[in-house]
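Architecture at a glance
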Amino acid sequence: MAEAAKSQGMAISPARRWLRRAAALLAGTPLLAGLLYLPATPVAHAAEKASDADTVDVALNSLSPSVPVKDDTLTISGTVTNKGKKAITDAEVDLRVGPRLSGRPDIDEAAKATGYTPGTDAGALGGPYSVKIDRLATGISEDFTLTVPVSKLKLDDAGVYQLGVSLSGQTAGSSYDRVLGIERTFLPWQPEAVSKRTQLTFLWPLISTTHLSAETGSDEQQTPVFENEALASELAPGGRLDQLVSLGSQLPITWVIDPDLLATVDAMTRNYEVRTATGDTVPGRNQAVAKQWLSTLEKAVQDRQVVALPFADPDLASLAHRGKDVSGSLSHLQPATAVAETTVETILHVKPSTDFAWPVEGAIDPSIVDVATSAGAHNIIARSDSLRETGSVSYTPSAARPIGGGTTAVVADARLSKAFYGDLSKAGTSTLAIQQFLSQSLALTQQAPDAQRSIVVAPQRMPTASQAQTMAKALQGLAGQRWTQPLDLIGAAEAKPDPDATTRVPAVSQYPKNLRVRELPVQTFQDIKGTQETLDSFKVILTSPDRVVTPFGNAINREMSTSWRGKAGVAAQYRNGVQTYLEDLTTEVRLIQKSALTLSGRSATIPVTVQNKLVQGVDHLVLRLKSSNPTRLKLDDGSVVAEQPIKINGGHSQSVKFAAAANANGPVQVTAQLYTEDGKLYGGPMTFTVKASEITPTVMLVIAGGVLLLVLAGVRMYTQRKRAAAREAATAGEAADGTRESAVADTPEQPSDPTPDTAPESTDPSGAGEKVDR
């Protein structure tokens, strides 16, 4: 108990010391039994310490150097915050150096510890290496800096030591000091380089979410349409992707790149549109940001190893567990790998390796291995918590594991790979992650100091900016290469395998449940199948199919992306958008609806109009016309179905005429349907009515006779009117002559002759010598 009190900085009074001695001598005397209660006070203090140890929050914001040597001075800065309800007085911030930890499991256990534990936590270094704080009010924070020569830390053998930074003090109503808060970290101590350094491969992923839609402009450049401008913030100075590139350019890492990200940023360097919340599009404004990022990346990857994932980083586990039963799903992997290599070479001007597959979290089973290798990969990046050791190996073996069929599992170390998970935006959490990573790497090396091993670190797929900064600081801590040396991923895959390491791939039933529930659903692959079938039918009629196949092929790959895990709603929305836009394009080539028409006569033509509103021409189409009643109406010299080839330039329409013959009167339903040349339906049918009217030769003769009679009657009427007019003119002339004669003779008027000079107009037929205009 005295040691515990002393470890807390408590002074033991002479009176109390005398009472303890008396109690020890007279423990059997009933008279002094009451004195035996006196030692209970320190016990109460210990209980009180257990409840008060988290009154103060201690944060370690920096520890420098993270990997010290003998002549260094260790500097630890941080912040203490009073979270309790009482002010703290006479406080002191101390450094506590614990014993050397024996291995990786000890580091794991120490990392879980919380609160101060008397007798377990080391004593305070004290003296000039502590910081005094007179008063720390409730809710108030105070910064501190501890500076200690490494020689004062009493570090003996090389290894990992636990460091604790604590705050001790008194609260109101308390007359003794106690530990009110503590934070622990680790200090790797390896002052001299080891003879067999661990070969360390650190993957540096450049992966993002989907930003490009399938939609493009109708201009020659096919202006792309972005779903939003979120990518610009990642590329801008200080953004996530900007930090990954600028930091990675200075580190010994292997670049792991999703080519879709490169293609998307490359599209952003030129004119592009951005979809708004209302569904409209506006011009994008971040070309300069995209150009700068690509330029920086291109310089960073020169003469460095680049691993290209299949285009859009497809979810291999989802394909294996839910997509392989949907026909055609696996057929996308090989083209995605082929376009990955082309994309990286075209944009970054380096030749990437496409021989690696990276399932989510490195979890594999036989079905995932089969899917990964179907795309041509011979190396699968797994993780040690998936390929667990069976106990025959007491150390961490090398990463390369032959798993059969010419395939190598490159097994990343789980502890090191998960060291940078979580929110590392606070300096305190970042510092702890760095020190734990460095300490685990040293402990790993010390497991088998006489055997050089190859270890791989595969961090999270899309590190945040703060996670990237933390990873960079951790790798900088290994720059001295005292127990590690860098190795690229191809080197790790080709390293000599450890003969005792497990090569057994876990069964499908052992796939982690927390990962399985986040897989892409079967509906994803059914939707992809439908979109692919629509695209296949559409592309065969196009004169420039690449303008459609390329953007939609890439969009289909994006629909399988790992980035959709846990985002079922937005993933379905994206797929629906791709399918809807493709269907809208297919309807730009269509039949124009006809109204009912009347077909008079035995033969005539039926016109049908095909419209092409696309910017490119269409070909390899066939228009078929079918009569529902061939007895009444036949097409094309007696056929039931007539067809004609269709070829239309972009933005034009074509009127196609079919010969038809009517055999009987009455309405007939006629159906027009477009087909591709291979006989597949294209679009929907268009039906209209033809009213057929058959006219026989007898009917035509009767009609002709009637027309002739009408003409003759008209001529006769005209002739009669002409003769009547002539008679009237003659009568008028005779009357005028008689008047003149009477006037000259000046004789009395004579009675008229008893009969007219001309006979009435005869109604008999004209003589043979008369001509009648008809």
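The structure reproduced in this document is the subject of the present report. (Residues numbered from 1 in each chain as written. Predicted model: local features only at pLDDT ≥ 70, side-chain atom pairs only at ≥ 80, totals over all residues. Heavy atoms only, no water.)

Bringing the environment of Gly679 into the picture now. Within the fold, Gly679 resides in the loop between strand E28 (666-676) and strand E29 (681-693). Here the alpha-carbon distance between Gly679 and Val622, two residues 57 residues apart in the chain, equals 8.5 Å. (Helix = DSSP H or I, 4+ residues; strand = E, 2+ residues; numbered from the N terminus.)

Core analysis: the biggest nonpolar cluster contains 75 residues, and Phe538, Phe552, Ile606, Val608, Leu623, Leu625 and Phe688 have the highest contact counts within it. Per element, the largest residue contribution to this core is 6 residues, and it comes from helix H19 (residues 568-586). Counting 63 residues, the second-largest nonpolar core is a separate cluster that includes Leu200, Leu294, Val306 and Ala443. (Core = buried A, V, L, I, M, F, W, Y, C linked by side-chain atoms within 4.5 Å. Buried < 20%, exposed > 50% of the residue type's maximum accessible area, 1.4 Å probe, protein only.)

A few words on the sheet that holds strand E25 (residues 633-635). Strand order in the open sheet made by the 4 strands is E21-E23-E27-E25, with antiparallel pairing throughout. Looking at the sheet topology across the chains shown, the edges are occupied by strand E21 (589-591) and E25. Taking each pair of neighbouring strands and ignoring which way they run, the sheet shows an average axis angle of 35°. The pairing of strand E23 (residues 603-612) with strand E27 (residues 652-662) spans 10 bridges and is classified as antiparallel. Each bridged residue has a counterpart across the sheet, and for Val608 the counterpart in E27 is Val656. (Pairing = 2+ DSSP bridges. Axes fitted to C-alpha atoms, helices over the stretch in contact; angles between N-to-C directions.)

Time to look at the pairing of strand E7 (residues 178-189). Among the 12 residues that make up E7, 11 are buried, leaving the element largely enclosed by the rest of the structure. Summarising the sheet, strand E6 (residues 159-171) and E7 pair through 11 bridges and their orientation is antiparallel. The residue bridging Val165 from the neighbouring strand is Glu183, located in E7. Where E6 folds back on E7, the antiparallel hairpin that results is connected by 6 residues, among which Gly173 adopts a positive phi of roughly 90°.

This structure, assessed with the given rule, holds 7 aromatic pairs. With a centroid separation of 4.9 Å and 55° between ring planes, the pair formed by Phe226 and Tyr272 is classed as tilted. Taken together, the residues Phe226 in strand E10 (residues 224-226) and Tyr272 in the loop between helix H7 (259-268) and strand E12 (273-275) connect sequence positions 46 residues apart. Like Phe226, the residue Tyr272 is buried in the burial classification. The interplanar angle of 20° and the centroid separation of 5.6 Å between the aromatic rings of Phe552 and Tyr581 together place this pair among those described as stacked. Linking Phe552 in helix H18 (residues 546-559) with Tyr581 in helix H19, this pair joins segments that are 29 residues apart in sequence. Exposure class is identical for Phe552 and Tyr581. Each is buried. When the ring centre of Trp358 is taken as origin, the NZ or CZ atom of Arg461, which lies over that ring, is 4.5 Å away. In this arrangement the basic side chain of Arg624 is found over the ring face of Tyr675, its NZ or CZ atom lying 4.2 Å from the centre. (Phe/Tyr/Trp six-rings, centres within 6.5 Å; stacked < 30°, edge-to-face > 60°. Lys NZ or Arg CZ within 6 Å of the ring centre and 35° of its normal.)

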